[in-house]
Every structure is written in structure tokens, then in C-alpha cells.
Amino acid sequence: MTVPPPAPRRPDPLGARPAAGRRVWYAAYGSNLHRERLTCYLAGGRPPGGARTYPGCRDRRPPARSLPIVLPGLLYFATESPVWTGGRAFYDPDAGGETPAHAYLLTVAQFSDIAAQEMYREPGTDPDLAEVLARGRARLGPGRYETLVCPGLLDGRPVLTFTAPWRSGEVEKTPPSAAYLRHLAAGLMAAHGWSVERAARFLAGRPGAAARWTPEAVVELVERAG
């Protein structure tokens, strides 16, 4: 499913709903493509092979729904991940192309706590979503996942994700590690039903990965792990 472009935005698509009914779609395009890893953000814990233990969310229930979606914009790799080593995945909604993602229907509190953990903040506080819902973008801080993006609506509910404040052309690219690529490929295959060859072609073609990885090399990474 492709997320439609934003319709004329209401001041707050969540405002008319009672607190218990306030849900949003979290669009995961990086390591949380894989639902098993998302579970560590929701329930707390350390994923297999991970270097970080996550505290989890206030509301530890699983997503109400999940489905594969495609976001307008570019996936690229930059900076250095202390968890995976190598480049992190970022999303540039203003660049050309399409980015496959896994959408999870969560409460606002769950999305807020996942975002906090990605931002290396303590979960437990709901940020003001009025700006991102009204304008499609809100910068909560200078960090690499501290910019909220709302690329559109799905079933009448906002689709939200987070990325860096800069554009893809404004930062030096960094090749992702083998472990990270393997995990992303597994997430694409599980969420979208892609073949290993299709996932490898997509990932190897992203800025940052293309300088180091070929589709054949990514296929080999995945098949070796399997």
C-alpha cells in the first residue's frame, strides 16, 4: 500500500477523538521494519545480537494492526550507528524515489515512547504533535532522529515517522554494516514479501550503500545467515 500524499490538513486529525482512541501509524523504514525488533521497543529488552537494552513503552501491548506501505521519498545511509556500526538508515521525504516501510497502528503514547527511545530520551512523555500534524514536519531537537515527519494519512489516521533534520544531499554518506543490511533485508522480506534478490537490489542501490555493496554481496549476506 502506498501512502497517499497529504490532503489539506486539519489543525489536528487527532483532536476530535477521545484519548483512548488516539492512534497513529508508525512507519518504520529502518531496523524496526522487522516486527521482532519493534517488540523490544514496546515491551523492553535487548534484541538478539543487539548492543543496547531498551526500556520499553508505558503501554506494552502489540500494535493493533500492521501492514506494508510505501512512503514517497528517499532512504539513504549516513552517520555512524553505535548499535550496528556503519551507517544508519535515514528518510528524506523531499527527495525523489520511494521507501518501503512497515506501518504499525499504535497509540500516541506508544509512538511517543518509541520515538523517545530512538532519540536516546527517557520514555514517558508525549510530545506536542500539533506542528507535525498541521505542517507535515516538526523538529524536536538537533539529533539524528529528532525530526518528526507526517507524509500522509492512512485510513484517516496520520502516518508518522522520524528522521534527521538535514536533507540527504547535505550529509556525508556512510556505508551500512553487514549485520545492519542483513537485518533490513530480513525486515523487507517479512513485511513486504519481497524475494532476497529484490531486497538486495533495493538496499544496495541506496545512497551510502551503493559505494560499498552490490546486490550479489547483500544476497550472500542474507543467505549465509539463513
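By the naming in an unreviewed UniProt entry, the chain goes by Histone deacetylase and is assigned to Streptomyces macrosporus.

The next point concerns the confidence of the model for the chain. For the chain, the average pLDDT comes to 89, and 88% of its residues sit at 70 or higher. Of the regions scoring below 50 in pLDDT, residues 7-13 engages in 15 contacts with residues more than four places distant in sequence or in other chains. Overall, residues 15-20 carries pLDDT values under 50, and its contacts beyond four positions in sequence, including any with other chains, amount to four contacts.

Let us now look at the sheet that holds strand S8 (residues 157-163). Spatial strand order, S2-S5-S1-S8-S7-S6: six strands in an open sheet with mixed pairing. One side of each edge strand has no neighbouring strand; the edge strands of this open sheet are strand S2 (65-72) and strand S6 (137-139). Across the sheet, the mean angle from the axis of one strand to that of its neighbour is 30°, orientation sign disregarded. In this sheet, strand S7 (residues 147-154) lies alongside S6 in antiparallel orientation, the contact comprising three bridges.

Tracing the backbone shows Asp-113 in helix H2 (residues 108-118). A relative accessible area of 0% means that Asp-113 is categorised as buried.

To continue, consider unusual backbone geometry. If you check the backbone angles, Thr-79 has positive phi at about 55° while not being a glycine. Along the chain, the position of Thr-79 falls in the loop between strand S3 (74-78) and strand S4 (88-92). In the Ramachandran plot, Asp-155 falls in the positive-phi region, its phi being about 55° despite a non-glycine side chain. Topologically, Asp-155 is positioned in the loop between S7 and S8.

To continue, consider helix H5 (residues 196-204). All buried positions along H5 are accounted for by Val-196, Ala-199, Ala-200, Phe-202, Leu-203 and Ala-204. The inward-facing, buried residues of H5 contact S3, strand S5 (98-107), helix H4 (178-192) and helix H6 (215-225).

Moving on to the packing of aromatic side chains. One pair of aromatic rings is described through two measures. These are the centre distance and the angle between the planes. Tallying each qualifying case throughout the model produces 13 aromatic pairs. With 6.2 Å between their ring centres and 80° between their planes, Phe-77 and Tyr-180 make a pair best called edge-to-face. One end of the pair, Phe-77, is in strand S3; the other, Tyr-180, is in helix H4, and 103 residues separate them in sequence. Accessibility assignment for this pair places Phe-77 and Tyr-180 in one class, buried. One aromatic cluster in this structure is built from Tyr-26, Tyr-76, Phe-90, Tyr-104, Phe-111, Tyr-145, Phe-162 and Trp-166.

Analysis parameters
- Residues numbered from 1 in each chain as written.
- Predicted model: local features only at pLDDT ≥ 70, side-chain atom pairs only at ≥ 80, totals over all residues.
- Heavy atoms only, no water.
- pLDDT = per-residue confidence, 0-100.
- Contact = heavy atoms within 4.5 Å.
- Pairing = 2+ DSSP bridges.
- Helix = DSSP H or I, 4+ residues; strand = E, 2+ residues; numbered from the N terminus.
- Axes fitted to C-alpha atoms, helices over the stretch in contact; angles between N-to-C directions.
- Buried < 20%, exposed > 50% of the residue type's maximum accessible area, 1.4 Å probe, protein only.
- Phe/Tyr/Trp six-rings, centres within 6.5 Å; stacked < 30°, edge-to-face > 60°.

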